[in-house]
Structures are given as structure tokens and as C-alpha cells.
Amino acid sequence: MKPNWRVIITGAVFGAFLALLMKLGNPPNMGVCAICFLRDTAGALKLHTIDKLSYIRPEIIGFILGSTVIALITKEFKATGGSSSILRFIIGAFVTIGALVFLGCPIRMLGRIAGGDWTALEGLLGLVVGIFVGIQFLKVGFNLGRAQSLPNATGWVMPFVAIGLLILLLTKPGFIIFGPIKYAPLIISLIAGLIVSGLAQRSRFCTIGGIRDLILIGDTYLFQGLVALLVVACIFNLILGQFHPGSSPIAHPYFLWNFGGMFLAGLGLVMLGGCPFRQMVMSGYGNTDAGITVLGMLFGAGLAHNFNLVASPQSVPDNGKMAILLGIIVLILVGVFSKTKE
Amino acid sequence: MTKKIDARGLSCPLPVMFVKKTIDMGATAITVLADETAAIANIQRFAEQNGYQIEIETRTDGVKAVKITKK
């Protein structure tokens, strides 16, 4: 197996930031979570009304804009889109509901394991099975269709959304909600987001792609990044006194729903072609299909809290369980019926 | 005979899946049209790992023609 240093470095830097940002104030057993941070951003924009989960997360802004900067330097910025946009929006929303029933995106899941939270292994199992099932749909012809080249202005929508969020974060106008929430210093969070996004733009780091390519074609290129993230986050957690075996803050111990939530997320993310973080990175360099997916995730996060779908450390609400089952049915229908002649 | 695959606009992993399927069907020479850097990198890695050599040409419209031939 040939080491692929670009993706290993991306994973290692991400792993270090997971632990460091937690030490600097981000929520415990989290550090960074693409979905939870979108949820907090949704709260700040009043897409849900839970004040203690409302804050425009600078990491999200960095995840989008880091790749914009690098893509402009490398001349890879290119507006594309039109591949089943509305289905991507819906799948993005269901993926978010699944992740919020588990309580984390695939990156937080790895971070939880690296901090000794073994309940996240249940989520990992669900994610892998979900990816496996998603691959079976790909093998029998599932396809969201081709993307086209688009006018360049379209590709700038998500970078400008991110710039708008940054302005709101810096100016803190009264109509934006900044709740009592744990967060690391703004500038450090923003720089961390920019760095990992810039690195990922070059290396194509993706948690879903890592597991998918390993199962599908035995390719370890992206998987090496996941291992690097896990190992480095674990080492930093040990150094910083954040490794607590068996401890699971902001998580729950219900196997079926840890598994089910991440099964739904894994299945949907294979259909979308990349993890939530990767969707944000791609949206930064002009991929409007990824952009609409991120907006679907933002919508899903609002929906999840407004309709009491989200798990808490104490319980998984019945509404959340029903939403997972509905999501699995919808995604299976999409998998069966979304095919092109290719 | 050279097999042709049009992978333009397709997101990962479809381009590399189509290449794998074509190779599994016994093709020894394939030309893939692709426009996504990640897809081209995936195809290149997969082909090289399976004993094929790669030649990439950039067309005037920016699309890459990836020529895959058995070593």
C-alpha cells in the first residue's frame, strides 16, 4: 500500500484541530462536527428556535471559503450543477436527520471514537452498512445524472453565502441569535476551517469516499486520511487529557438508533457522492449540486429540531425514530427509481 | 477495439466504476472523457494499480481524454 501524503496530512491536521478546538472551547466529545455546526448555524438564522443551539459556526464558513481560495489559485474554480438538484436537497435533509439522531456527522463520529466514546462505534457500524447498501444501488445503475457547466456567477453563490455569514458573525446584528453555547475563539475556528478545507480541496479528503472506495474497488487512498484523523485526534486527546474511555457526553447509548441514524446518513451520503464536510468543500469551488445539498442539510437541521426528531443523551424521541424509518424508505425509493440509461 | 466512456459531469465514484466494469468485460484499451479532477485521479490510480498505463490529453474545451491501455 502506497502512502498518499496529501490525504494523510489533511486527516492528521483535521484530527489535531478536533482535539485542539475542543480544548479551546468547542463542545466536549465533539471538537468539530459539520452537521452539528450547520444545525447551530440554522439556529442563529432562526430556522429552529433552540437558543442554546444557535451560533454561526466559523468552521462552516472556513469549510466553504478555504476551498474557494485554493481553487482560485489552482484555477480549478468552475461552476457546475444540474444533477438532480431537488433530490440532492431532500437527501441532504434526511442525511442530517439521521446524523442528528446519532448525534454527529462522520467526522464527529471519528472524533468521538478518538476520545474513547465507544457508543460511536455503533454509529460507525451503521455508517459502513449504509455505505455498503448505497454501493449496491450504484452497482445496479443508481445515478443522479450528469452535472453541466454553468455560468460562473452561479458558482459564487455558496462562497458569497459564507461571506454573508461571516459578516453576520462579526457584526452580530440583533436579528441573528447567538445563544449560550460553547465555542472556541472565532479567529482560531475560522482559520482551522480554512486550513482543512484548503487541504481537502487538494487531497479530496472525504470520510464517505474513504470507506466507499475501500469497499468498492479496494482503493485505500482516501481511507488513509480517515486513519490519520483517528490516530492523530486520539494522540492529541491523550496529550490534552481529553481521552475518557467509556465516557459519552452529548451522545446516547441506544444501539438501534446510533446504528439506524448513521445507516441513513451513510446510504444518503453515498448517493450524494461525499460526506457533509466534502459537500461544503465542493460547494466552495463552484459545485452548485454540493451547494444545494448543504442548503438541504441546513433545512433538515431546522426541521429536525422544530419537529423534535433529534436525540438527546437521555432518549431518542418517537418522532426521530419515525423520521429515520421514513428516510430509509424514501432513500430506497430514490435508489430504485433514480436511474439514467448509463 | 478501443472502448469509449463518457464520464463528463458524473460524480464519483461513477467514472471509476464504469472503467472497472469495462475492464472486467475484457477491454484492453479504453478512452474516458472526464472533466472532474477527482474522477480523473481515481481512474488513474485504479488503472495503474491494475496493470494499465495512462495517457491524459487535454482537449481544447478543457475536457480530458484519459487513454487507458494494458501494459
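Before any of the text, the structure's been laid out above.
Residues numbered from 1 in each chain as written. Chains lettered and ligands numbered in written order. Predicted model: local features only at pLDDT ≥ 70, side-chain atom pairs only at ≥ 80, totals over all residues. Heavy atoms only, no water.

**Q** Sorry, what's going on with the pattern of salt bridges here?
**A** Pairing between side chains of opposite charge can happen when the charged atoms of each approach one another. Tallied over the full model, the rule gives 13 salt bridges over all chains. Linking D40 of chain A and R39 of chain A is a salt bridge whose minimum nitrogen-to-oxygen distance equals 2.9 Å. (Salt bridge = Lys/Arg side-chain N within 4 Å of Asp/Glu carboxyl O.)

**Q** Sorry, what's going on with the pairing of strand β3 (residues 52–58) of chain B here?
**A** Regular strands have side chains that alternate between both faces of the sheet. All names here are of chain B. Bridge count for β3 against strand β4 (residues 64–70) is seven bridges, and the pairing is antiparallel. Within β4, the position partnered with Y52 by the bridge is K70. In this structure, the hairpin formed by β3 and β4 is closed by a connection of five residues, where G62 is found at a positive phi of approximately 90 degrees. (Pairing = 2+ DSSP bridges. Helix = DSSP H or I, 4+ residues; strand = E, 2+ residues; numbered from the N terminus.)

**Q** I keep staring at helix α2 (residues 34–44) of chain A and nothing clicks. Help me out?
**A** Because an α-helix completes one turn every 3.6 residues, residues spaced three or four positions apart along the sequence face the same direction. Residue and element names in this part refer to chain A. Extensive coverage of α2 is indicated by the burial of eleven of its eleven residues. Of all the residues in α2, the buried ones are A34, I35, C36, F37, L38, R39, D40, T41, A42, G43 and A44. Residues of α2 that are buried in the fold lie against α3 (58–73), α4 (85–102), α5 (106–114), α8 (157–171), α13 (276–284) and α14 (288–306). Positive backbone phi, approximately 65 degrees, marks K46, located one or two places after α2. (Buried < 20%, exposed > 50% of the residue type's maximum accessible area, 1.4 Å probe, protein only. Contact = heavy atoms within 4.5 Å.)

**Q** Would you take a moment to explain the packing of aromatic side chains for this structure?
**A** The description of two aromatic rings rests on the distance between their centres and on the angle between their planes. Residue and element names in this part refer to chain A. A complete count under the given rule lists 13 aromatic pairs over all chains for this structure. Centre to centre, the rings of F14 and F63 are 6.0 Å apart; their planes meet at 55 degrees, and the pair counts as tilted. With F14 in helix α1 (residues 5–23) and F63 in helix α3, the pair connects residues that are 49 residues apart, well separated along the chain. Across the pair, F63 and F14 agree in class, each one buried. Members of the aromatic cluster, connected to one another through ring pairs, are F14, F63, F205 and F277. In this arrangement the basic side chain of K172 is found over the ring face of F178, its NZ or CZ atom lying 4.8 Å from the centre. (Phe/Tyr/Trp six-rings, centres within 6.5 Å; stacked < 30°, edge-to-face > 60°. Lys NZ or Arg CZ within 6 Å of the ring centre and 35° of its normal.)

**Q** Explain the interface of chain A and chain B here, please?
**A** The accessible area lost on association of the parts is a frequent measure of interface size. On the side of chain B, 21 residues touch chain A, which itself brings 21 residues to the contact. Counting each side, the surface lost to burial between chain A and chain B is near 1600 Å², with a carbon and sulfur contribution of 53%. Counting the contacts that link chain A with chain B gives two salt bridges. With its nearest N and O atoms 3.6 Å apart, the salt bridge here joins D6 of chain B to R146 of chain A. Linking chain A with chain B are five residue pairs in polar contact (both at pLDDT 80 or more). If you list the elements that add at least two residues to the side of chain A that touches chain B, you get α6 (119–139) and α10 (207–217) of chain A. Broken down by class, the residue content of the side of chain A that touches chain B amounts to seven nonpolar, three polar and eleven charged. (Buried area = accessible area lost by both parts, 1.4 Å probe. Polar contact = N/O pair within 3.5 Å; in protein donor to acceptor, adjacent residues only side chain to side chain. Nonpolar A, V, L, I, M, F, W, Y, C, P; charged D, E, K, R; others polar.)

**Q** I'm lost on the packing of helix α9 (residues 186–203) of chain A against α13 of chain A in this one. Help?
**A** The relative placement of two packed helices is expressed as an angle between their axes plus a distance between the axes. All names here are of chain A. Taken N-terminus to C-terminus, the directions of α9 and α13 make an angle of 80 degrees; their axes are 10 Å apart at the nearest point. By the criterion of interaxial angle, the relationship of α9 to α13 is roughly perpendicular. Residue-level inspection shows V196, S197, A200 and Q201 of α9 in contact with α13, the latter providing F277, R278 and V281. Looking at the contact of α9 with α13 residue by residue, the class counts come to four nonpolar, two polar and one charged. (Axes fitted to C-alpha atoms, helices over the stretch in contact; angles between N-to-C directions. Parallel < 35°, antiparallel > 145°, perpendicular 65-115°, else oblique.)

Any functional reading would require information that these geometric values do not contain.
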